[in-house]
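# Fold and contact review
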Amino acid sequence: MRVRWKLRLACVAVGLTAAIMAHAQRVASSRMEASGPATLMLRGDVLVNVRRRVLAGDANLRPAVAQLRRDADKAVAAPLLAVTDKRTMIPPSNDPHDYYSLSPYWWPDPSKPDGLPYIRRDGVTNPESKRDLDAPRITTMSDRVMTMTLAWWYTGEAKYAERAATQLRTWFLDSATRMTPHLRYAQLVRGNDKERGSGIIDSRGLLDVVDAIALLEQSAVLPDGDRRALRVWFASYLAWLQTSPNGQTERAAKNNHGSWFAAQTAAFALFAGDTVLARTVVSDARARIGWQVQADGRQPLELERTKSLHYSAFNVLALSRLAEMGRYLGIDLWSYQAPTGGSIAAAIDRMAPFVDRQQEWPDTQIEPVRSDYLLEVFRKARMALGDTKYDAVIARLPKVDTAKDVSLLLFATTTGRP
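Definitions and limits used
- Residues numbered from 1 in each chain as written.
- Predicted model: local features only at pLDDT ≥ 70, side-chain atom pairs only at ≥ 80, totals over all residues.
- Heavy atoms only, no water.
- Helix = DSSP H or I, 4+ residues; strand = E, 2+ residues; numbered from the N terminus.
- Rg over C-alpha atoms; globule rule 2.2 N^0.38 Å.
- Buried < 20%, exposed > 50% of the residue type's maximum accessible area, 1.4 Å probe, protein only.
- Contact = heavy atoms within 4.5 Å.
- Areas by Shrake-Rupley, 256 points an atom, 1.4 Å probe, with all protein chains shown as cover.
- Lys, Arg positive; Asp, Glu negative; His and termini not counted.
- Charge placed at Lys NZ, Arg CZ, Asp CG, Glu CD.
- Phe/Tyr/Trp six-rings, centres within 6.5 Å; stacked < 30°, edge-to-face > 60°.
- Lys NZ or Arg CZ within 6 Å of the ring centre and 35° of its normal.
- Core = buried A, V, L, I, M, F, W, Y, C linked by side-chain atoms within 4.5 Å.
- Axes fitted to C-alpha atoms, helices over the stretch in contact; angles between N-to-C directions.
- Parallel < 35°, antiparallel > 145°, perpendicular 65-115°, else oblique.
- Left-handed = near helix turned anticlockwise from the far one by under 90°.
- Nonpolar A, V, L, I, M, F, W, Y, C, P; charged D, E, K, R; others polar.
- Salt bridge = Lys/Arg side-chain N within 4 Å of Asp/Glu carboxyl O.
- pLDDT = per-residue confidence, 0-100.
- Polar contact = N/O pair within 3.5 Å; in protein donor to acceptor, adjacent residues only side chain to side chain.

Moving on, we come to the overall build of the chain. A count of helices and strands for the chain gives 17 helices and four strands. Relative to the compact-globule value of 22 Å for 418 residues, the chain shows a C-alpha radius of gyration of 21 Å, a close match. C-alpha extents for the chain along the principal axes are approximately 55 × 50 × 45 Å. Counting across all 418 residues of the chain, residues that qualify as buried make up 57%. Considering only contacts in the chain between residues 6 or more positions apart, those separated by 24 or more positions represent 74%. Roughly 17,300 Å² of accessible area belongs to the chain as shown, and the carbon and sulfur atoms make up 54% of that amount. Charged side chains of the chain number 56 positive and 45 negative; the gap between the two group centres comes to 1 Å.

Below, the discussion takes up the packing of aromatic side chains. Enumeration over the complete set of coordinates arrives at 14 aromatic pairs. Put simply, the rings of Phe172, Trp233, Phe234, Tyr237, Trp240, Phe268 and Phe271 touch in pairs and so form one group of aromatic residues. Lying across the ring of tryptophan 107, arginine 121 places its NZ or CZ 4.5 Å from the centre. Its end group placed over the ring of tryptophan 291, lysine 254 keeps NZ or CZ at 3.8 Å from the ring centre.

A separate point is the nonpolar core. Judged by nonpolar contacts, the single largest core of 116 residues is most densely connected at Phe172, Leu206, Phe234, Phe268, Leu322, Met325 and Phe378. If near-sequence neighbours (up to four positions away) are discounted, phenylalanine 234 is found in contact with Phe172, Leu206, Val209, Val210, Ile213, Phe268 and Phe271. If you look at the next biggest cluster of nonpolar residues, it comprises six residues, including Tyr100, Leu102, Leu133 and Tyr185.

Glancing now at the side chain of threonine 177. Here threonine 177 shows up in the loop between helix H5 (158-173) and strand E4 (185-188). Setting aside its immediate chain neighbours within four residues, threonine 177 contacts Ala82, Val83, Thr84, His97, Thr170 and Trp171.

To continue, consider the packing of helix H13 (residues 344-351) against helix H14 (residues 371-385). One can describe the packing of H13 onto H14 by two numbers: an axis separation of 11 Å at closest approach and a directional angle of 135°. By the angle class used here, H13 and H14 are oblique. Both H13 and H14 take part in a crossing whose hand is left-handed. When H13 is examined against H14, the residues Ala345, Ile348 and Met351 are found in contact with a partner set consisting of Val377, Phe378, Ala381 and Leu385. Looking at the contact of H13 with H14 residue by residue, the classes come out as seven nonpolar, no polar and no charged.

The final tally for this structure, using the stated rule, is 26 salt bridges. Of the charged contacts, one joins arginine 190 and glutamate 128 as a salt bridge, the two residues approaching to 2.7 Å between their closest N and O atoms. Note that arginine 190 is positioned in the loop between E4 and helix H6 (206-216) and glutamate 128 in the loop between strand E3 (119-120) and helix H4 (134-155), a separation of 62 residues in sequence. Looking at arginine 190, the relative accessible area reads 27%, which means it is partly exposed. One salt bridge connects arginine 396 with aspartate 356, and the closest N-O pair in it is separated by 3.0 Å. Of the two residues, arginine 396 is situated in the loop between helix H15 (389-395) and helix H16 (399-402) and aspartate 356 in the loop between H13 and H14; the sequence distance between them amounts to 40 residues. The class for arginine 396 is partly exposed, based on a relative accessible area of 32%. Of the residues examined, aspartate 356 reaches a relative accessible area of 38% and is grouped as partly exposed. A cluster of three or more residues bridged by salt bridges with shared partners is formed by Arg69, Asp73, Glu157 and Lys159.

With that out of the way, let us pick up the confidence of the model for the chain. Model confidence for the chain is summarised by a mean pLDDT of 92, while 90% of its residues fall at 70 or above. A low-confidence stretch, residues 1-7 (pLDDT under 50), is modelled with seven contacts involving residues beyond four sequence positions or located in other chains. Of the regions scoring below 50 in pLDDT, residues 17-34 engages in 27 contacts with residues more than four places distant in sequence or in other chains.

Once that is clear, we can look at the environment of aspartate 405. For aspartate 405, the location among the structural elements is in the loop between H16 and helix H17 (407-410). On the basis of relative accessible area, aspartate 405 is assigned to the buried category, the value being 16%. Residues aspartate 405 and tryptophan 106 lie 299 residues apart in sequence; the distance between their C-alpha atoms is 32 Å. Setting aside residues no more than four positions away along its own chain, aspartate 405 makes contact with Ala64, Asp372, Leu375 and Arg379. In this structure the side chain of aspartate 405 is engaged in a polar contact, spanning 2.7 Å, whose partner is the side chain of serine 407.

A few words now on the side chain of arginine 196. If you trace the backbone, arginine 196 turns up in the loop between E4 and H6. The charged side chain of arginine 196 is buried without a salt bridge, its nearest counter-charge being aspartate 202 at 8.4 Å. Here the side chain of arginine 196 touches glutamine 187 through a polar contact of 2.8 Å, landing on its backbone oxygen. Once residues lying within four places of it in the same chain are set aside, the contact partners of arginine 196 are Ser103, Trp106, Ala186, Gln187, Leu188, Val189 and Asn246.

Before going further, it helps to spend a moment on the environment of methionine 325. Assignment of secondary structure puts methionine 325 in helix H12 (residues 308-329). For methionine 325, a relative accessible area of 0% gives the class buried. Between the C-alpha atom of methionine 325 and that of alanine 229, which follows or precedes it by 96 residues, the distance is 23 Å. The contact partners of methionine 325, leaving out residues within four places of it in the chain, are Leu40, Met41, Ala263, Ala266, Ala267, Leu270 and Val282.

Here it is, written out as structure tokens:
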């Protein structure tokens, strides 16, 4: 069965790849000429404008660029990451190329001698899920690739682009270390041998990777063969997302899992050149906004969680990725209001009063929300919605964070305000 499944998936991927390669190159080329780099969720014109400001010595941007350079220098010096780095935690397939992770909120059952099957403690991370497994690796890899790529974009130093390209080849292309393009063994639960579609959220960091690749295509570090091979990999992963039972389960998820699945599907489809699929996914996000967000901005499915403010912001981040891709496709999700009154803006405004008063958040939040999550939400809202009220919200966050966070370099307004 496993062999037949692999053959079917390979046939689907090859068919997709043959049809979309030329189209993808044409799309990238035309977008480059029109508005800068062919990024999908970052705005190419904003990146170009901010780079001009950086090169002109804009004082407002210096702390963020300095922090970006420090982070990128650490990434350049760090060992390359590969899915095959696993030494003790090998997936059920016994193939180290297969991605493997454990669901973070599941713990040994103290009432059972062997602790099996594990039981869920929402919002409380089991340290076991971070040891010699691929979830921390894929997140760190994605962060490093984007960090090094942005450092090259804003400083022009080739070492950052070169190392980012090497990391991409290591994770996706090199036969000795490449990841097999599926997540069959993501977020498994000990004592339960069932595959779980919910593990697909582990690959959300690859959204940054496809934008980083689009930026690196402005350099000489990715030869044509590597670019084609990367698109083949993402086309294969997209085929698995579309055809596997895991993907079908996650597509149907009503909460943030479904939002992140939609964002990934749309982004990987656009990257691979399948604009028809991407348009369908982004269009369908209007219904998602309607059932997820109430007129007052509450997100009931996220409010059920023990970290409800975090997950409210987390879901908005996924919806905002879809909204940015919607701009490229001519679908306006930023200003869309569902018949019941819900909207992305309403969800953002619901959180605004609590960015510096999290202890007053009326629903359960067992730990503080990271300021970088909130900065991304509100800086992106300020850029996309053009409403100056978000300047005051951002100003209430710690200045040490607002001055140097990379979001300042990604979601700048046309007015040049920090």
